Amino acid sequence: WVSLGAIAESSRLEAKIAEDPTNPKLRIQRAEELGRTKGQERLVVETLNPVADELKVESLLQLATAYRTLKEFKDEVRILHKALDQAPNSHELHFKMGRAELNAETPVAAVTSFRKAISLRKDHRDSYEALLSIFAKSGENYESRNVLKDMLKQFGKQPAFFSHLCRLDSLDGYLDAAIEN
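What counts, and at which threshold
- Numbering of residues starts from 1 in each chain and follows the order in which that chain's sequence is written.
- In keeping with the predicted nature of the model, local features appear solely for residues at pLDDT of at least 70, side-chain atom pairs appear and are counted solely at 80 or more, and the whole-chain, interface and lining totals rest on all residues.
- Side-chain metrics rest on all non-hydrogen atoms present in the structure, leaving aside hydrogens and water.
- Comment: elements are numbered from the N terminus, with helices defined as DSSP H or I runs of at least four residues and strands as E runs of at least two.
- Each residue gets one of three labels from its accessible area relative to the maximum for its type: buried under 20%, exposed over 50%, partly exposed in between, using a 1.4 Å probe on protein chains only.
- Note on definitions: a residue-residue contact is assigned when non-hydrogen atoms from the two residues lie within 4.5 Å.
- To obtain each axis, a line is fitted to C-alpha atoms, and for helices this fit is confined to the stretch in contact; angles are then taken between N-to-C directions over 0 to 180 degrees.
- For classification purposes, an angle smaller than 35 degrees is called roughly parallel, one larger than 145 roughly antiparallel, one from 65 to 115 roughly perpendicular, and anything else oblique.
- With the far helix as reference, a near helix turned anticlockwise by less than a right angle produces a left-handed crossing, and one turned clockwise produces a right-handed crossing.
- Residues were grouped as follows: Ala, Val, Leu, Ile, Met, Phe, Trp, Tyr, Cys and Pro as nonpolar; Asp, Glu, Lys and Arg as charged; and all remaining residues, including Gly, as polar.
- Ring pairs shown here join Phe, Tyr and Trp side chains whose ring centres sit within 6.5 Å, with only the six-membered ring taken for Trp; geometry is labelled stacked below 30 degrees between planes, edge-to-face above 60, and tilted in between.
- Arc definition: it is the arc formed by the directions from the helix axis to the C-beta atoms.
- Definition used in this section: a nonpolar core is a set of buried Ala, Val, Leu, Ile, Met, Phe, Trp, Tyr and Cys residues joined via side-chain atoms within 4.5 Å.
- Think of a salt bridge as a Lys or Arg side-chain nitrogen and an Asp or Glu carboxyl oxygen that are within 4 Å of each other.

This part is about the environment of Gln 40. Take Gln 40: it is sitting in the loop between α2 (24-35) and α3 (41-48). Once the C-alpha coordinates of Gln 40 and Ala 66 are considered, the two residues, 26 residues apart in sequence, prove to be 8.4 Å apart.

Structure below.
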């Protein structure tokens, strides 16, 4: 439930935004307020998108998340590009970009983003797993094998890695390598 004070504050912010529609601070406040309630993603987009060029990374991430929830992945990618312009060395932003690009059906761009995330943080396992998933779905066993070998170096000898390598080697007819793994 929502308190009467919160409703009054919301109305006050809406009135101020109507008076000064290009004020990013008011729009950020309103979006933060909206973000506390589930199902308000469309309103978050309508509130923040008009001032997207003036937003800092935190607000851009809120906008990108709203787009992702609405399954508007190309807009999510567009907003994440703005965030990356401000924080180009964030492995987390590159990972989110890769995920958005994958959802927007641009897997080549997603691979580049996941690889950049890994180059910025070698132990970001989610990025390795995302790459592995892309290569597995596209049948690129050579690339899958390389990612698995990198994972072995980074995360240690884990049975799941060896099992996956063995399967790939046997699929490609590298029986000696499969037996070795």
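A few words on the environment of Ala 83. By the secondary structure assignment, Ala 83 is in helix α5 (residues 73-86). Given a relative accessible area of 0%, Ala 83 falls into the buried group. On a C-alpha basis, the gap between Ala 83 and Leu 55 in space is 8.7 Å, while along the polypeptide they are 28 residues apart. The contact partners of Ala 83, leaving out residues within four places of it in the chain, are Val 57, Leu 60 and Leu 93.

The next thing to look at is the packing of α5 against helix α6 (residues 91-103). Closest axis-to-axis distance for the α5/α6 pair is 9 Å, and the angle between their directions is 160°. For the element pair α5 / α6, the angle class is roughly antiparallel. The element α5 and its partner α6 pack so that their crossing is left-handed. Packed against α5, whose contacting residues are Phe 73, Glu 76, Val 77, Leu 80, His 81, Ala 83 and Leu 84, the element α6 presents Leu 93, His 94, Lys 96, Met 97, Ala 100, Glu 101 and Asn 103 at the interface. Per-class residue counts for the contact of α5 with α6 are eight nonpolar, three polar and three charged.

Counted according to the given criterion, the structure contains two aromatic pairs. Measuring from centroid to centroid gives 5.6 Å for Phe 95 and Phe 114, while their planes differ by 50°, and the two rings are tilted. Note that Phe 95 is positioned in helix α6 and Phe 114 in helix α7 (residues 107-120), a separation of 19 residues in sequence. Look at Phe 95 and you get buried, because its relative accessible area is 11%.

Let's shift gears to α3. Listed in full, the buried residues belonging to α3 are Val 44, Val 45, Thr 47 and Leu 48. Mapping the buried residues of α3 onto a view down its axis gives an arc of 165°, with all of them on the same face. Packing partners of the buried residues in α3 comprise α2 and α4 (57-69).

Among the nonpolar cores identified, the biggest contains 23 residues, and Val 44, Leu 48, Leu 55, Leu 63, Ile 79 and Leu 80 are the most heavily contacted of them. Among the elements of the structure, α2, α3, α4, α5 and α6 are those that each provide at least two residues to this core. Apart from the residues lying within four places of it in its own chain, the contact partners of Leu 80 are Leu 61, Ala 64, Leu 93, Lys 96, Met 97 and Ala 100. One finds Phe 95, Ala 130, Leu 132 and Phe 161 within the second-largest nonpolar core, a separate group that totals 19 residues.

Our next topic: the pattern of salt bridges. A pair can form between side chains of opposite charge whenever their charged atoms are brought close. Per the stated rule, a full pass over the model turns up nine salt bridges. For Lys 82, the salt bridge is made with Asp 53, and the minimal N-O distance between the two is 2.4 Å. Here the residue Lys 82 occupies a position in helix α5, and Asp 53 occupies one in the loop between α3 and α4, the gap between them amounting to 29 residues. Using a relative accessible area of 23% as the deciding quantity, one classes Lys 82 as partly exposed. For Asp 53, a relative accessible area of 65% gives the class exposed. Note that Glu 129 and Arg 125 form a salt bridge whose closest N and O atoms lie 2.8 Å from each other. Of this pair, Glu 129 and Arg 125 both sit in helix α8 (residues 125-138), four residues apart, which is roughly one turn of the helix. For Arg 125, a relative accessible area of 28% puts it in the partly exposed group. Connected through salt bridges with shared partners, the residues Glu 14, Arg 30 and Glu 33 form a single ionic network.

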